[in-house]
Amino acid sequence: MGKLTITKTPLAGILLVVPQYFKDSRGFFVESYNKKDFSHAGITDEFVQDNHSKSQKGVLRGLHYQYPHAQGKLVRVLKGSIYDVAVDIRIGSPTYGKPFAVTLRENDPAMLYIPVGFAHGFLALEDDTEVMYKVTDLYYPSGDAGLLWNDPDLNIPWPLDIIGIKEPILSEKDTKHPILSELRSPFTYV
Ligand SMILES: Cc1cn([C@H]2C[C@H](O)[C@@H](COP(=O)(O)OP(=O)(O)O[C@H]3O[C@@H](C)C(=O)[C@@H](O)[C@H]3O)O2)c(=O)[nH]c1=O
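What counts and what doesn't
Residues numbered from 1 in each chain as written. Predicted model: local features only at pLDDT ≥ 70, side-chain atom pairs only at ≥ 80, totals over all residues. Buried ≥ 20, exposed ≤ 12 C-beta atoms within 10 Å, placed from the backbone. Helix = DSSP H or I, 4+ residues; strand = E, 2+ residues; numbered from the N terminus. Pairing = 2+ DSSP bridges. Contact = placed C-beta atoms within 7 Å. Core = buried A, V, L, I, M, F, W, Y, C linked by C-beta atoms within 7 Å. Axes fitted to C-alpha atoms, helices over the stretch in contact; angles between N-to-C directions.

This brings us to the pairing of strand β6 (residues 60-66). Judged by how many residues are buried, β6 sits mostly within the fold: 6 of 7 residues are covered. As defined by bridge partners, β6 adjoins strand β11 (residues 118-124) across 3 bridges and the pair is classed as antiparallel. Looking at the pairing, His64 lines up with His120 of β11. As paired elements, β6 and strand β13 (residues 144-146) share 3 bridges and run antiparallel to each other. Bridge pairing in β13 places His64 opposite Gly146.

You can see Lys73 is positioned in strand β7 (residues 73-79). Of the residues examined, Lys73 has 23 C-beta atoms within 10 Å and is grouped as buried. In sequence terms Lys73 and Val135 are 62 residues apart; their C-alpha atoms lie 4.6 Å from each other. Discounting residues that sit within four places of it in the chain, Lys73 has contacts with Ile114, His120, Tyr133, Lys134 and Val135.

Here we come to the nonpolar core. Ranked by size, the top nonpolar core spans 37 residues in total, and within it Ile82 and Ala86 carry the most contacts. Taken together, the elements giving at least two residues each to this core come down to β2 (15-19), β6, β7, β8 (81-88), β9 (99-105), β10 (111-114), β11 and β12 (129-135).

Moving on: the sheet that holds β12. Strand order in the open sheet formed by 6 strands is β1-β2-β10-β7-β12-β5, with antiparallel pairing between adjacent strands. Two strands close off the open sheet at either side, each with one partner strand: β1 (4-8) and β5 (49-55). The average angle at which neighbouring strand axes cross in this sheet is 25°, direction not considered.

Printed below as a string of structure tokens:
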């Protein structure tokens, strides 16, 4: 059992979660999820699916949400690094349309907890970047939805120049999401 440090961010509900990191001459050990400690710290969601993806440098996945069957997410990086972004799409939220971003990387136990009501995406900053995330509902392709990654209204400072690329590598689907002003968000702020 390790110590769990949870830090609030400027977007209510989005949390930085840092489990205790035990490093020794063999490498490291970390409890990446512990139901009891997470519940005590206020993350009471039940995670029902684990996702694992690998991306080359410059791949941008997002910004995604699912509805119905909305998913809370707990995101971490196994290999490489990502610029991870959550955008508040809860109607009535004081931070509606605002992004929060953090760099998550290998050999660093920091994770991002994103509750229901946010669109999520990330840019892989290195080749062979592997991301693993727990989600609170199963995948329903019919509920797959998103927001356009480069919507000027979101003004997300994706670090493309820092990794030396002009345009990210996107799925066909991710080029076609609506912008914030066209979004009919199903989420409300409570
Ligand atoms: C997300 C997902 C995809 N798939 C399949 C569908 C498709 O053929 C293939 C790739 O799917 P996608 O292109 O949607 O994968 P990807 O672009 O990586 O989608 C993911 O992006 C990040 C940012 C998220 O937050 C996730 O919730 C999810 O939306 O994998 C599943 O079988 N289960 C799943 O849970």
